[in-house]
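Architecture at a glance
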Amino acid sequence: MILDLADRIGPDRVTTGAVAAEVGVTQAAIFRHFPTKAEMWVAVADHIAGLLTAAWAEALKEANPPVDRLKALVGAQLDQITAHPALPMLLFSRELNVENAALRAAFRDRLAALHGLLMQEVIAGQRDNALLKDVAAGDVAVLLTSLIQGLAIRWSLGARDFVLRDEGLRLLAVQLRLLGVRGG
């Protein structure tokens, strides 16, 4: 519910009063569950972290070899962003992240986890000779993370006139071709 509200009005404009009105309770009821607005956002981040972690695990479970696992991870991340369009705006919300160190840490942890999973699959792909070995796996993971974040911001702030997953996987195929994968 908070994520939907954040998508409609922007995360920096979400107040406890707006959340209370959205849920149909008093603002005092919100404060009984979350003593501060910052704690409310940390609870949202924890919820998002659980969703992302589960989506990544499912993607990795269903895909093989490493290049397919990279595609599955990117697809899973883009699917979560499609389901929760406010996610990119939350990640880059200056107000929320500057004022809320716990929220910033939660998002940093999830981005680091995704980076690690991507890097792990790049290393496996290099070991299997499916990806070029002369490119550092960490650099490839940064490029893939940047692809996801850049595309997600463009989609979430724009008219959403393209299918995020399809466009992301198309651009991933381009990157994979540059890394030596035939047929991306």
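Small disclaimer: the values here were computed from a predicted structure and weren't measured.

Conventions used here
Residues numbered from 1 in each chain as written. Predicted model: local features only at pLDDT ≥ 70, side-chain atom pairs only at ≥ 80, totals over all residues. Heavy atoms only, no water. Helix = DSSP H or I, 4+ residues; strand = E, 2+ residues; numbered from the N terminus. Buried < 20%, exposed > 50% of the residue type's maximum accessible area, 1.4 Å probe, protein only. Contact = heavy atoms within 4.5 Å. Areas by Shrake-Rupley, 256 points an atom, 1.4 Å probe, with all protein chains shown as cover. Core = buried A, V, L, I, M, F, W, Y, C linked by side-chain atoms within 4.5 Å. 1 Å grid on protein atoms, 1.4 Å probe; cavity = no way out; pocket = protein on both sides within 12 Å on 5 of 7 lines; lining within 4 Å. Points joined across faces, edges and corners; volume = space filled by probe spheres on them. Nonpolar A, V, L, I, M, F, W, Y, C, P; charged D, E, K, R; others polar. Salt bridge = Lys/Arg side-chain N within 4 Å of Asp/Glu carboxyl O. Polar contact = N/O pair within 3.5 Å; in protein donor to acceptor, adjacent residues only side chain to side chain. Arc of directions from axis to C-beta.

Right, let's get into the overall build of the protein chain. The secondary structure content of the protein chain amounts to ten helices and zero strands. Shown N-terminal to C-terminal, the secondary structure of the protein chain runs as helices and strands in the order α-α-α-α-α-α-α-α-α-α. Dimensions of the protein chain, computed from C-alpha atoms along their principal axes, come out at roughly 60 × 30 × 30 Å. Counting every position in the protein chain, which comprises 184 residues, the buried fraction comes to 43%. Of all intrachain contacts in the protein chain linking residues separated by at least 6 positions in sequence, the fraction that spans at least 24 positions is 62%. Element-wise, carbon and sulfur atoms account for 57% of the exposed surface of the protein chain, whose accessible area totals about 9300 Å².

What follows concerns the nonpolar core. Counting residues in hydrophobic clusters, the biggest one holds 54 residues, and the most contacted among them are Val14, Trp41, Ile48, Leu90, Leu118 and Leu131. When residues in this core are grouped by element, the largest group, ten residues, is from helix 4 (residues 37–62). Ignoring any residue separated from it by four or fewer positions in sequence, one finds Leu131 in contact with Val67, Leu70, Val122, Gly125, Gln126, Leu176, Leu179 and Val181.

Attention now moves to empty space enclosed by the protein. One pass over the structure, following the stated rule, counts two cavities of 30 Å³ or more. Each pocket or cavity is described by its volume, and for the largest cavity that value is around 80 Å³. Around the largest cavity, the lining is made up of 13 residues, and of these Gln77, Ile81, Leu91, Ile148 and Gln149 lie nearest the centre. Contributing elements (two or more residues each) for the lining of the largest cavity: helix 5 (66–83), helix 6 (87–91), helix 8 (101–127) and helix 9 (137–157). With five residues, the single largest contributor to the lining of the largest cavity is helix 9. Considering only residue class, the lining of the largest cavity consists of ten nonpolar, three polar and no charged.

Quick look at the environment of Gly150 now. Within the element layout of this structure, Gly150 appears in helix 9. Residue Gly150 is classed as partly exposed on the basis of its relative accessible area, which comes to 39%. For the pair Gly150 and Pro88, spaced 62 residues apart in sequence, the C-alpha separation works out to 9.1 Å.

Omega for the bond connecting Asn64 with Pro65 falls within 30 degrees of zero, at 0°, which places this linkage in the cis form. Tracing the backbone shows Pro65 in the loop between helix 4 and helix 5. Backbone geometry places Asn129, a non-glycine residue, at a positive phi of 60°. Checked against the element boundaries, Asn129 lands in the loop between helix 8 and helix 9. Of the residues examined, Asn129 reaches a relative accessible area of 59% and is grouped as exposed.

This next bit is on the pattern of salt bridges. Scanning the model with the defined rule gives seven salt bridges in all. For Arg160, the salt bridge is made with Asp7, and the minimal N-O distance between the two is 2.5 Å. In this pair, Arg160 sits in the loop between helix 9 and helix 10 (164–178) while Asp7 sits in helix 1 (residues 2–9), placing the two residues 153 residues apart along the sequence. The partly exposed category is assigned to Asp7, whose relative accessible area is 22%.

So, about the side chain of Thr16. Mapped onto the elements of the fold, Thr16 is located in helix 2 (residues 16–23). Residue Thr16 is classed as buried on the basis of its relative accessible area of 6%. In terms of polar contacts, Thr16 uses its side chain to reach the side chain of Gln27, at 2.4 Å. In this structure Thr16 touches Gln27, Ile30, Phe31 and Lys37, once residues within four positions along its chain are discounted.

Let us look at helix 1. Residues that lie three or four places apart on an α-helix share one face, since the helix turns once every 3.6 residues. Residues of helix 1 that are buried: Ile2, Leu3, Leu5 and Ala6. What you see down the axis of helix 1 is that its buried residues fit within an arc of 160°, all on one side. In the core, the buried residues of helix 1 are packed alongside helix 2, helix 4 and helix 6. Just beyond helix 1, the residue with positive phi is Gly10, at close to 95°.

Read these as geometric descriptors, not functional statements.
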